[in-house]
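Reading the structure
What follows is each chain in one-letter form.
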Amino acid sequence: MDRTALDAAHAAALRYLDGLEARPVGARAGAADLRAALAGPLPEQGEPAASVVERLAAGADRGIVATGGPRYFGFVVGGSVPAALAADWLTSAWDQNAGLFVLSPAAAVVEDTVLRWLTDLLGLPAGTGMGFVTGGQMANTTCLAAARHAVLAHAGWDVARGGLAGAPPITVFAGEEAHVTVYGALRLLGLGDDSVVKVATDAQGRMLPDALHAALASAPGPAIICAQAGNVNTGSFDPLDAIVRLARARPGTWVHVDGAFGLWAAASARCRHLLSGMEGADSWATDAHKWLNVPYDSGLAFVRDTSAHRAAMARTAAYLQHSEAERDNYEWTPEFSRRARGFPVWAALRSLGRAGIAALVERCCDHARLFARLLSQAAGVSVVNEVALNQVLARFERPGEEGDRWTREVIARVQGEGTCWLSGTVWRGRALMRISVSNWSTTGADVERSAAAILAAHRAP
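The notes below deal with the structure included here. (Residues numbered from 1 in each chain as written. Predicted model: local features only at pLDDT ≥ 70, side-chain atom pairs only at ≥ 80, totals over all residues. Heavy atoms only, no water.)

Right, let's talk about the overall build of the protein for a bit. Scanning the protein from terminus to terminus reveals 14 helices and eleven strands. Here the C-alpha radius of gyration of the protein, 23 Å, is about what a compact globule of 461 residues would show, namely 23 Å. Summarising its shape, the C-alpha atoms of the protein cover approximately 65 × 65 × 45 Å along the three principal directions. Looking at the protein residue by residue over its 461 residues, the buried ones come to 52%. Partitioning the contacts of the protein with sequence separation of at least 6, the portion at a separation of at least 24 is 74%. Here the protein displays about 19700 Å² of accessible surface, and carbon together with sulfur accounts for 56% of that area. Taking the average location of the 42 positive side-chain charges in the protein and that of its 45 negative ones, the two points are 3 Å from each other. (Helix = DSSP H or I, 4+ residues; strand = E, 2+ residues; numbered from the N terminus. Rg over C-alpha atoms; globule rule 2.2 N^0.38 Å. Buried < 20%, exposed > 50% of the residue type's maximum accessible area, 1.4 Å probe, protein only. Contact = heavy atoms within 4.5 Å. Areas by Shrake-Rupley, 256 points an atom, 1.4 Å probe, with all protein chains shown as cover. Lys, Arg positive; Asp, Glu negative; His and termini not counted. Charge placed at Lys NZ, Arg CZ, Asp CG, Glu CD.)

Here we take up the sheet that holds strand E4 (residues 223–228). As summarised here, the arrangement of the seven strands in space is E1-E7-E6-E5-E4-E2-E3, forming an open sheet in which the pairing is mixed. Edge positions in the sheet fall to strand E1 (129–133) and strand E3 (196–199), since each has one partner strand and no second. Recorded for the sheet is a direction-independent mean angle of 20° between the axes of neighbouring strands. The sheet contacts of helix H5 (residues 105–122) involve E1 and strand E7 (299–303), and relative to E1 the element is tilted by about 115°. Helix-sheet contacts for helix H9 (residues 209–217) involve strand E2 (171–175), E3 and E4, and the interaxial angle to E3 is about 150°. (Pairing = 2+ DSSP bridges. Axes fitted to C-alpha atoms, helices over the stretch in contact; angles between N-to-C directions.)

Turning our attention to the pairing of strand E10 (residues 423–427). Burial along E10 is one-sided: Ser423, Thr425 and Trp427 are buried, while Gly424 and Val426, pointing the other way, are not. What sits between the antiparallel neighbours E10 and strand E11 (residues 430–436) is a turn of two residues, in which Arg428 has the positive phi angle 55°.

Structural data, given as structure tokens:
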């Protein structure tokens, strides 16, 4: 085999990783510059593989955002712990189709092992099933597909055979702060936005149990409750104990927990009280590429009722060679042929261990509180959320400037300056800076340096 392309990729990757801490966090080139370097007509003749890799690395470099670095605080994006990154390289070299056991026994055994490790680590019920998917969107979709199957089966309808035409209508109950991927999942499943009854929330975005109780009483028929573990703005958690109790008083009601990043709080003795009652739910969605710091893509869909999970996902055909005793991974996900996502997750879990995962979660929470303290001490800056986890919402104001406009201006200045990168949001009708601390490599010094850059942007003329 010609190794020159692999050698070129290895060299380019090391250059990038070695410079990650020092490089500006945001992209340094726009679309026009990147098209000039990477677009143009398809060449008539092929080029040497190593030259192609070197050209890609050089042409893309200024358009690469340092999302894996220690001062990226946008959205909720983790980095990649070294073992997971290396295992992901190996995953590409092995190029396994993880759909069937016979296609990759190693991938099947690793995914089954990860399932057992994670159900134990996160405190999920024994016997829970899991599917490896792309991210939070497909994790929610997979879990809610199982929910749709189960609640309609309880009502006497087989959705796998009959579809939704003529089926009893399903009502979905979700807090006013439910993440957009819940709505995306419902659209993909044929339920739609109008199936959702929005339940009132408190000042931090937590669903109000009394409001949920009243909503449930007014909507007979099949029901799914979508609870949230980790509000994407405030980091707050719905009261899962109370939600599960209300659901269990209404037979056939399914509770789904969207825990894209917040579910990882269960790994920490200091934080897991935020998830009290979550083990009583029916399904849970999360992302390993968020707080476990595994490379994209790595969503995880957990479902307690494995028969409903497989009924919603499994397909068959005469040409397939199924395993009677071992895991056929495709039976748990919407995909058939797919990347062997379990290898990097296995490597991250093995390299960190229980103590390391707990420390990662707690360290990020500590950094978020440090951000809140440093920013709120400055004139004209207020932190508007209870920093319960790793999310910080900040507002910037100064005389003569409209608050929304000035907050957006500070965000744009910070993004352009390059010390760190963070994003904005609109919450409770106000423009806010949104800081998410999710990276294993972030230090207190990174937070102090970033807070200083944010305040410099706020104070500058």
